[in-house]
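# Structural overview for review
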Amino acid sequence: METVFTIIIGLAALYVVLWIYILLPAGMAAKRGRSAFGWVVLSLIFSPILACLLLLLLGDNPNAQRG
């Protein structure tokens, strides 16, 4: 029973880390018309908090084609 609990906690922790480092910056970048891949790389190299703060400060991409 302890092994099952450890696996569940481990999977939950993995999901949280995946969300913070990949899904959150990618989603924020896509909503702002910016490169999701580039911002995920930036969050992996530097910090996901820094990437999210920069995305908030930069706002929408004025050159993005909306359609």
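Below, the structure is looked at part by part.

Definitions and cut-offs
- Residues numbered from 1 in each chain as written.
- Predicted model: local features only at pLDDT ≥ 70, side-chain atom pairs only at ≥ 80, totals over all residues.
- Heavy atoms only, no water.
- Helix = DSSP H or I, 4+ residues; strand = E, 2+ residues; numbered from the N terminus.
- Rg over C-alpha atoms; globule rule 2.2 N^0.38 Å.
- Expected span 1.5 Å × (residues − 1).
- Buried < 20%, exposed > 50% of the residue type's maximum accessible area, 1.4 Å probe, protein only.
- Contact = heavy atoms within 4.5 Å.
- Axes fitted to C-alpha atoms, helices over the stretch in contact; angles between N-to-C directions.
- Parallel < 35°, antiparallel > 145°, perpendicular 65-115°, else oblique.
- Nonpolar A, V, L, I, M, F, W, Y, C, P; charged D, E, K, R; others polar.

## Considering the overall build of the protein chain
- Of regular secondary structure, the protein chain possesses three helices and zero strands.
- Along the protein chain, from the amino end to the carboxyl end, the secondary structure elements read α-α-α.
- What you see for the protein chain is a C-alpha radius of gyration of 15 Å, clearly larger than the 11 Å of a compact globule of 67 residues, by over 25%.
- Projected onto the principal axes, the alpha-carbon positions of the protein chain cover approximately 55 × 25 × 15 Å.

## A word on helix α1 (residues 2–31)
- The end-to-end C-alpha distance of α1 is 41 Å, a good match for the 44 Å that 30 residues give at a rise of 1.5 Å each.
- Taken residue by residue, α1 has P25, A26, M28 and A29 as its buried positions.
- Among the structural elements, α2 (36–45) and α3 (48–58) are those in contact with the buried residues of α1.

## Topic: the side chain of S43
- Mapped onto the fold, S43 is located in helix α2.
- In contact with S43, not counting residues within four places along its chain, are Y21, P25, P48 and A51.

## Focus: the packing of α2 against α3
- Running from amino to carboxyl end, α2 crosses α3 at an angle of 135°, the nearest separation of the two axes being 7 Å. The angle between the axes of α2 and α3 places the two elements in the oblique class. Of α3, the residues touching α2 (which contributes W39, L42 and S43) are P48, A51, L54, L55 and L58.
- Class assignment for the residues of the contact of α2 with α3 results in seven nonpolar, one polar and no charged.

## Looking at the packing of α1 against α3
- Where α1 meets α3, the axes come as close as 10 Å, and the angle between the chain directions of the two elements is 10°. Judged by the inter-axis angle, α1 sits roughly parallel to α3. Contact residues: α1 offers I20, Y21, L24, P25, M28 and A29, while α3 offers P48, C52, L55 and L56.
- Split by residue class, the contact of α1 with α3 holds ten nonpolar, no polar and no charged.

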